Amino acid sequence: MDTVIQVLSWVCIVSGSFFAIVGAVGILRFPDFWSRLHAASISDSAGVILLLVGMALQAGLTLVSVKLGLILLFLFITGPTSTHAVANAALVSGLKPRRSSVDANDPKTPEDDKAGSR
Amino acid sequence: MFALAAIALFIAMILVLIRLFAGPSLYDRVLALNSFGTHTVLFIGVLGFLNGRPDFLDIALLYALINFVGTIAILKFFRYRAIGDIPRKALEDEG
């Protein structure tokens, strides 16, 4: 039973760090701000969950797992909220998505990264 | 295993840092900063497990909360040019 937990936590941690790297590469490589939002949420959700679950498996049913659960809870609450705040602030300040689905007949749909950046 | 996770998180932090400096718009930078903070939380947790220090997780917990507050503060400042007392007019025309 112990080896099953060890293998499971090993798999969780390796895949969690893999997703963290995938999210970071996505943040670096995606064309404009709005697609980078998606990339950031990958490492925020999959990376965080897998790594914290992997660590909790490693720690077993102790106070450490309770703390890891609390970290997971707070990251669950603050992650989407902060991403929404950034996206809302960007939209209000005029950073429009590339194919402006917001108002399709907007003539000056900016190309990526040449949007109204402050 | 934790060393592997630490190295992976370190690489992820470097990549996000590059985006933070290269980011054309302010909001790319805020997004990169937020992601960097989340990676730091995980990195502190992994370091805690590496060195056998369970109390690192309190630091990681605190860092997760402060990272959120920092992101919101930056956004609030760049929208209203003030963090503390937002002028009444700015709130009105905000609608």
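A brief structural summary.

Rules of the game
Residues numbered from 1 in each chain as written. Chains lettered and ligands numbered in written order. Predicted model: local features only at pLDDT ≥ 70, side-chain atom pairs only at ≥ 80, totals over all residues. Heavy atoms only, no water. Helix = DSSP H or I, 4+ residues; strand = E, 2+ residues; numbered from the N terminus. Expected span 1.5 Å × (residues − 1). Buried < 20%, exposed > 50% of the residue type's maximum accessible area, 1.4 Å probe, protein only. Contact = heavy atoms within 4.5 Å. Buried area = accessible area lost by both parts, 1.4 Å probe. Salt bridge = Lys/Arg side-chain N within 4 Å of Asp/Glu carboxyl O. Polar contact = N/O pair within 3.5 Å; in protein donor to acceptor, adjacent residues only side chain to side chain. Nonpolar A, V, L, I, M, F, W, Y, C, P; charged D, E, K, R; others polar.

1. Some thoughts on helix H2 (residues 26–50) of chain B
Residue and element names in this part refer to chain B.
Right, on to step 1. Taking 1.5 Å of rise per residue, 25 residues should cover 36 Å, and H2 covers 35 Å from first to last C-alpha, within 8% of that figure.
Right, on to step 2. For H2, a buried count of 20 out of 25 residues is recorded, marking the element as mostly surrounded by other parts of the structure.
Right, on to step 3. Of the residues flanking the end of H2, it is Gly 52, one or two places downstream, whose phi is positive at about 65 degrees.

2. With respect to the interface of chain B and chain A
Right, on to step 1. Residue-level contacts link 43 residues of chain B with 47 residues of chain A.
Right, on to step 2. Of the roughly 3900 Å² buried at the junction of chain B and chain A (both faces included), carbon and sulfur atoms supply 79%.
Right, on to step 3. For chain B, the biggest contributors to the area lost against chain A are B:Met1, B:Tyr27 and B:Leu31; these three give 17% of the whole.
Right, on to step 4. Our count for the chain B to chain A interface comes out at 2 salt bridges.
Right, on to step 5. Our enumeration of links across chain B and chain A arrives at 6 residue pairs in polar contact (both at pLDDT 80 or more).
Right, on to step 6. Looking at the side of chain B that touches chain A, the elements with two or more residues in it are helix H1 (2–22), H2 and helix H3 (56–80) of chain B.
Right, on to step 7. For the side of chain B that touches chain A, the element with the highest residue contribution is H2(B), accounting for 14 residues.
Right, on to step 8. Its residues assigned to classes, the side of chain B that touches chain A comprises 30 nonpolar, 7 polar and 6 charged.

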